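Coordinate analysis (summary)
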Amino acid sequence: MVTPSSEELNAQRSDFGLRLSNSMAKYGPLCVGIDPHRKLLADWGYNVDAEGAELFSMRMLQAASGCAAAVKFQTPMFERYGSKGFEALERVLYAARQMGVITIVDCLHGGLPTTISAIADAYFKPNSPMLADAITLLPYYGARSLNGLISEALDNGRGVFVASLTSNPEGMSLQTAIRQSGDYQGHTVAYGIAATAQKHNVDIEGMGSVGLIIGATIGQWIQDSGVDPSQFTGPILSPGYGWQGAEAKDLKTVFKGTRGNVLVTVSRFIASHGPDISALKQATESIALDVRQALYEAMNEGENKEKDGMGTNTANENASANSETAAVDSANVAQGDKPKGRLVVLTGPAGVGKGTVENAMRKKHPGVWLSVSATTRKPRPGEVNGVNYWFLTDQEFSAKENKGEFLETALVHGLARYGTPLKPVQEHLAEGVPTLLEIDLQGARRIKERAAELGVDVVYVFIAPPSFDELVRRLKGRGTESEAEVNKRLETAKVELAAENEFDVTIVNDNVDRAADELWSVIAREYGL
Ligand SMILES: Nc1ncnc2c1ncn2[C@@H]1O[C@H](COP(=O)(O)OP(=O)(O)OP(=O)(O)O)[C@@H](O)[C@H]1O
Ligand SMILES: Nc1nc2c(ncn2[C@@H]2O[C@H](COP(=O)(O)O)[C@@H](O)[C@H]2O)c(=O)[nH]1
């Protein structure tokens, strides 16, 4: 008899952990929270009832499909409408299954084993009315009280997320309390919960199906809890990003050294861009890139962790849970002796597709860091401060310029000022992180003048359109500028096109994927990747 290899066994798995890690490898670490708050329904012009909640949810689902790894529904937002609310949730879950979107039902159930075993019938069985890929659980009847329900989930290829570290201050004092007896005596309550959950994941290659909930806002409290997310091999669901106050730096603090198993939920920030579907999609894509970048950096902080008391594998041994490309990039980028590559400066006429190409490239290679410029122009719908640009007033911009905080600045199209913050560029280059700027021709020329003085080596890349007519078509088709602004940009474009020979490399953007691959090959060559 031929014994199947672990790869073959893994390929046969149809469990939640594998489905989710495949989805995260494809779409990144974002989970769209679908929470039909009453205020959002009113803002979107919907009735504040079960029907409004359903319409809202269907639209959010549409925005998330193809942009996020999973969606999460908060049951109280449906339950408030009684049986009609549950019917709405059933229909939305059905739609998600038809669309192939992974669903998490945030019902936070917990209780005595005999009582909560009924929950398996509600969510895990093939003919369950609200069949979901995973649900959330509260472990405060004791983490082992959940074992029966977890077994039912695993037997049906489903998963669970057990609340471990929530972000409310009162929750923290409870969760960091020291256990007085029993298993994990002397450890915190949260540690015991995490260690009990981890036991279900130990023999699984890659990401397990029993996850934890760890709030992104807990910051340094993570240390008091004794829980080390980098040692956990199930998925970690992390609420609190954006609206509730957590930023990229918080993800880095809490999830230092994790290996691609953190799923960040964002809800109100995305919903606030609705109901327009393209604005919702754009907001989802922006935040997805932001989260991906922050978690990638978190992954690289905390390399070489040793085994800890949870008896789990080390972070590096669990790299297989990670997205393929991120793992490859990390192996190459995060080594001790990092090559110091040249700064990559990307320029091209307005509307040629610089942003589109560079986004496509970074989706495949999240290890590339894109500088976030400052600008005095107003945000477009869906643009996010700190993600697309730092949106500054004229006074704020001038103050920073006077303090020498910019590598370069320019008045672009005679309409607004733009500038590259100097310090983050220097820091990323010093760490050997592939560093990319997307700036206009004046900025590129200014960098040429200053590069030697700053000790920065630069490779200049020009993105060209297949033809001028196509450039006009793209610029007008984008629909984000008035006719006067489009004309202004086309004027600048003529000057920029004439400067192509000042650049080291030209990439013709006739096809986004191909141009993105070309851009990556320039970066890979520069940084020895
Ligand atoms: N290869 C391509 N084929 C067809 N359309 C494209 C291609 N690349 C980008 N586009 C489209 O062209 C428009 C402009 O793209 P994008 O906003 O990325 O340009 P940009 O160069 O970053 O602009 P700006 O200089 O104003 O920042 C968008 O609508 C985008 O979808
Ligand atoms: N010189 C700089 N140019 C920049 C910077 N950031 C962006 N840009 C360029 O401005 C135009 C317009 O951009 P848009 O987002 O308003 O359409 C485009 O050509 C960008 O490349 C910067 O920091 N410095």
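Structure shown above.
Values in this document were obtained by computation on a predicted structure and should not be read as measured data.

1. Digging into the pattern of salt bridges
Tallied over the full model, the rule gives 27 salt bridges. Note that Arg342 and Glu526 form a salt bridge whose closest N and O atoms lie 2.8 Å from each other. Of the two residues, Arg342 is situated in the loop between α16 (324-333) and β9 (343-347) and Glu526 in helix α23 (residues 512-527); the sequence distance between them amounts to 184 residues. Assessed through its relative accessible area of 18%, Glu526 is described here as buried. Arg478 serves as the salt-bridge partner of Glu481, at 2.9 Å between the closest nitrogen and oxygen. It is possible to trace a salt-bridge network through shared partners that takes in Arg380, Arg478, Glu481 and Arg489.

2. A look at the sheet that holds strand β16 (residues 458-464)
Ordered by their spatial adjacency, five strands build an open sheet running β10-β15-β9-β16-β17, and the pairing between neighbours is parallel. One side of each edge strand has no neighbouring strand; the edge strands of this open sheet are β10 (369-370) and β17 (505-508). Two elements, β10 and strand β15 (residues 435-438), share two bridges in a ladder whose sense is parallel. By the bridge assignment, Trp369 is partnered in β15 with Thr435. Set on the sheet, helix α19 (residues 422-430) makes contact with β9, β10 and β15; between it and β15 the angle comes to about 150°. Packing against the sheet, helix α20 (residues 441-454) makes contact with β9, β15 and β16, and its axis sits at approximately 165° to β16.

3. Observations regarding the site of ligand 1
Taken together, the neighbourhood of ligand 1 is formed by 17 residues, with Lys354, Gly355, Thr356, Arg478 and Asn509 sitting nearest. Here Gly351 contributes a backbone N or O atom positioned 3.1 Å from an oxygen atom of ligand 1. At 3.3 Å from an oxygen atom of ligand 1 is found a main-chain nitrogen or oxygen belonging to Val352. For ligand 1, whose free accessible area comes to 640 Å², the fraction covered by protein is 74%. Elements with a contribution of two residues or more to the shell around ligand 1: α17 (354-364) and α21 (468-478). Looking at the shell around ligand 1 residue by residue, the class counts come to four nonpolar, six polar and seven charged.

Here is what the cut-offs are and how they apply
Along each chain, numbering runs from 1 in the same order as the chain's sequence is written. Note on labels: chains are lettered from A, ligands numbered from 1, in written order. For this predicted model, a pLDDT threshold of at least 70 governs which residues receive local features, and a threshold of 80 or more governs which side-chain atom pairs are given and counted, while totals over whole chains, interfaces and linings are taken from all residues. Side-chain numbers here rest on the full set of heavy atoms in the structure, without hydrogens or water. Note on definitions: salt bridges are taken to be side-chain nitrogens of Lys or Arg within 4 Å of carboxyl oxygens of Asp or Glu. Strands here are runs of E lasting at least two residues and helices are runs of H or I lasting at least four, both read from the DSSP assignment and numbered beginning at the N terminus. Only protein chains enter the accessibility calculation, which uses a 1.4 Å probe; a residue is then buried when its area is under 20% of its type maximum, exposed when over 50%, and partly exposed in between. Strand pairing follows a simple DSSP-based rule, namely that at least 2 bridges must link the two strands. The contact rule is simple, with two residues in contact once any of their heavy atoms fall within 4.5 Å. Between the N-to-C directions of two axes lies an angle of 0 to 180 degrees, each axis being a line fitted to C-alpha atoms and, for a helix, fitted only over the stretch in contact. Each residue is tested against the molecule or strand, and it is near if at least one of its non-hydrogen atoms lies within 4 Å. The definition of a polar contact used here is a pair of N or O atoms within 3.5 Å, where within protein one atom must be able to donate a hydrogen and the other to accept one, and adjacent residues in sequence count solely through side-chain atom pairs. Values of accessible area rely on a 1.4 Å probe in the Shrake-Rupley scheme; residue burial ignores everything except the protein chains shown. Side-chain classes follow a simple rule in which Ala, Val, Leu, Ile, Met, Phe, Trp, Tyr, Cys and Pro form the nonpolar group, Asp, Glu, Lys and Arg form the charged group, and the remainder, Gly included, forms the polar group.

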